[in-house]
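Take a look at the letters that make up each chain.
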Amino acid sequence: MDATVSDVLISPSADLITAGGFKTQVVVLTTDDRNAVLGSLDKVRVETGAQCIVRVPTESGDQWMRAFGSAWASRSVRVDDAVSLANDQVGVQGEVVAANQTFLLGSHRFVSRRSGETYGDYQPRDFARRRPSSGDTLASASKIVSTRPPPTARVLQLEVRSKDRVIKSLPQTGKFDINVFIQPKTPLGRQDIPFPDHVVDWKDETRTLKVHLLELGADPASRSLVLPRTGRSETASFGYTITSTEPIDLRFIVCDGSQILQTVRFQGKPGGAFESFIETDISSLEETPRSFDFSLLVNDSLGGKASITSISEDDVRIDIFEGSDVDALRKEASDILRSVASKPTMAFDEALKELADVGSRTLAALRRWVKNWPATFDRVQLMTKVNALFPFEFLYDGPLPLRPDAPTCPQSATCLAAPRGTACCSLRASQEVFCPLGFLGLNVIVERHAWDVDQVHPLWLRRSEEFTKRKKLIGLKEIVFAASDRADLFNDDKDVLPEHKLARIADLTKEFGARALTWADWREAILRTVKPPSMAVLVPHVDGKKLYIGQSDAVFLSGLEMGKVSVAIVVGCNTADGEIAALSLPNFVMVEGNVRVVIAALTEVLGRHSNTAATILGTKVREASQAANSTTVGELVTALRRDFLARGIVMGLVLIAVGDADVVLGGK
C-alpha cells in the first residue's frame, strides 16, 4: 500500500500534509486554530487533491473521530451529517470547512461503496488513519489530483464598521461603512448559501465584478470588487449616513457584467440592531456563458414599495413603481390579460387592440422611467418575486392605428407564421391597420424566473448558454395527464372558425392517453418506474390551496407529486392565486421536484382555452423533443404565442415558461 495515498487523511497541521506530498480525498485537521485552517484551504486542496476538509478541536478529538467515523460508515449518511452526529454525541464542535458539491452529495456512499467502485478519477484504497511526519516523501498519484482543482467554497459577507472598528449595532446618527467582500468560510452550514464562483466568467486569474448598492429614493452606488480564483476578494466599501429615524433597507447586487450573481439584503434601525442575508442566488451554469441583453428584477419588497431594477453591461438603475404611471399601467394590463383569457364574450380583435394600447403606454412609461432601457431586445432575463406580477410579454412596440376601429392587418396571419425576427411590413407604419406583431412576447426570448426569500434555494436567473452546451431534452414520449371535469363546462362559441375548434378533455386523452381521474391514480402514474413519464400535462381547477381533478378529487398544493418529469404543462380553469397569477403553482412545482421547465399562464384561464392550450402545448413540446432540428424552450414558447394568435386565440399572450428557457428540445 502506498503510504502517501489514502481515502481519509488525519493530521494536526496543514503544513505537515502539504510538505509530505500526501494525496487524499478527505482531510481531517485536529486543531483549535480555525484561522490557520481557512488560510491554508486552497494550498491543501491543490497539493492533496482533497474534495473535503473537516476541522475538529483537539479537545476529545480521538473520541470525536471514533463517533464521526462510525456514523459515516455504519449509517451511510452524508459527511456533513456525520459531523453533526459526532458533535451531538461528543459535545465537540467539528465542522466541514470546505467540500465541493459533487463530493458532498455523493458522500453518503463514500465509505460504504463496493470494492472496485470508482469515484470520478479516484480509485478508493483504504479508510485509514494517517499521522504524517515532515520526513514523508511525495509519491506519484497523478490520477487523484485534478489538474485544476476548483476553488474553495466561498461566501459573500457584509461587515459594518464605524471609526475603524467593527460594530454590532448601528449608530443613532452619523456615518458608518459597509464593507462587502467574498472569502473562504464554512459554506455547508444549513443556513449558508455559497457564492456562485462556478458561474463567474473567468478569463484570467482574477475577475473584476461590480457591487451595486440600491436604496429607494437614492441614486445607486457602484464599486468594483476584484475576485481572485481562490482566497479572499478585495473589499468594496460603501459609506452610509443616517439622517433620520426611519428604518434602513438596502440591497447589494453583485454582478459580472450584466449578469446578476447574488444579492444580499441589509436591514436595520438607527441606534439598533441590523441583519444581512443572502436574498437571491443564481442557478448552476454549464460552460461558456453568453450574456442576455438586459436583466430586470421586479419586486414589491425593497422599502415595502414596488420597484424595478434594470441592469445592462455598464449601468444599473432602480426605479420606484408605487404611485407611478408604470404601476397603474401594470395593474391595468393585468386586468386586461385576465379578461382576454377568462371572458369568452370579448371579441378577438378588440381584446388585442386594448392590450396593445396599454402595452404601448407601459413601454413608453418604462422608457421614461428606466433610463438604460435598450432600444431593441433579443433575449431578456426577467426576475420577479413571487408576489410581483410583471407581464413583460404584452409590452407593445411601434405605432398603433390612428382609429380605434381600424381593422387588423390582413397580412398578420402570414407574418405570425413567419420565423421570429422577420422584418415587419410597412402597413404598421401607415397606422391604418392594427399589427399584432408589435407585442414583445412574439419577438423576444424571455427567461422568466420567480424567487421567494422564504425558500432556502430560490429559483433564480441563470445565464444564457452557447447552444451546443445547453442541456437537452430528447424524445419526450411518456405523458401523465389529468384534468378537472370543469374544464369541459363551456359551449362552443359561434365566432370560432371550424378549423379552430376548441378542444375537449376527450381530445386530450386521444393525444396523451388515459386521464388520471383521482390523485391516487396521478401519484401511481407519475412515480412509476416502468416507462417513467417525461412530461406532465395538468389542467386542474384551483380553489385556494387545493387542486381538483376528475369529478372533484382534491389535494393540497403541498401534496402535489411531479415525480421526475422534465417538463410540466400546467394550464388550469383557475390557476391564479391573488396578485401572483399562475406563478405560485409553477414555482412550487419547480422547487419541490425535478422539473426543468413549467409552461403555464399568467392569469386564470377558462376551460374553453385551457383544453385547447394544453393540447397544443403538449403536442408541440413532444414533437419538438423528437425533431431532428433543435430548438430551445424559450424559442418554442415564443413561436407558440404567434401560433395562438394566428388561430384567433388571444390567450397565447398570457403563456409563459418558468425556468430555464435555454433548455434544448430535440436534435441529434
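Residues numbered from 1 in each chain as written. Predicted model: local features only at pLDDT ≥ 70, side-chain atom pairs only at ≥ 80, totals over all residues. Heavy atoms only, no water.

1. Some words on the overall build of the protein chain
Part 1 of the argument: Helix and strand counts for the protein chain come out as 14 helices and 31 strands.
Part 2 of the argument: A burial count over the protein chain gives 56% of its 668 residues as buried.
Part 3 of the argument: Within the protein chain, contacts between residues separated by at least 24 positions form 74% of all contacts whose residues are at least 6 apart in sequence.
Part 4 of the argument: Here the protein chain displays about 28300 Å² of accessible surface, and carbon together with sulfur accounts for 48% of that area. (Helix = DSSP H or I, 4+ residues; strand = E, 2+ residues; numbered from the N terminus. Buried < 20%, exposed > 50% of the residue type's maximum accessible area, 1.4 Å probe, protein only. Contact = heavy atoms within 4.5 Å. Areas by Shrake-Rupley, 256 points an atom, 1.4 Å probe, with all protein chains shown as cover.)

2. Some details on the environment of L38
Part 1 of the argument: Inspection of the secondary structure assignment puts L38 in helix α2 (residues 34-48).
Part 2 of the argument: Considered as a pair, L38 and P184 are 146 residues apart in the sequence and their alpha carbons are 6.6 Å apart.

3. Some details on helix α11 (residues 519-526)
Part 1 of the argument: Those residues of α11 not exposed but buried are W519, W522, A525 and I526. Buried residues in α11, looked at end-on, bunch into an arc of 120°, giving them a common side.
Part 2 of the argument: Where α11 is buried, its residues meet β22 (479-483), β23 (535-539), β25 (546-549) and β26 (553-556). (Arc of directions from axis to C-beta.)

4. Here we look at the sheet that holds strand β6 (residues 165-166)
Part 1 of the argument: Judged by pairing direction, the sheet is antiparallel, and its four strands sit side by side in the order β6-β5-β7-β10 without closing on themselves. The open sheet has two edge strands, β6 and β10 (236-242), and neither has a second partner. (Pairing = 2+ DSSP bridges.)

5. Side note on the side chain of T30
Part 1 of the argument: Position of T30 relative to the elements: it lies in strand β2 (residues 23-30).
Part 2 of the argument: The buried category is assigned to T30, whose relative accessible area is 13%.

6. A few points about unusual backbone geometry
Part 1 of the argument: Even without a glycine there, the phi angle at K163 is positive, about 55°.
Part 2 of the argument: Summarising the element assignment, K163 is placed in the loop between β5 (154-162) and β6.
Part 3 of the argument: Even without a glycine there, the phi angle at K531 is positive, about 50°.
Part 4 of the argument: Mapped onto the elements, K531 comes out in the loop between α11 and β23.
Part 5 of the argument: For K531, a relative accessible area of 58% puts it in the exposed group.

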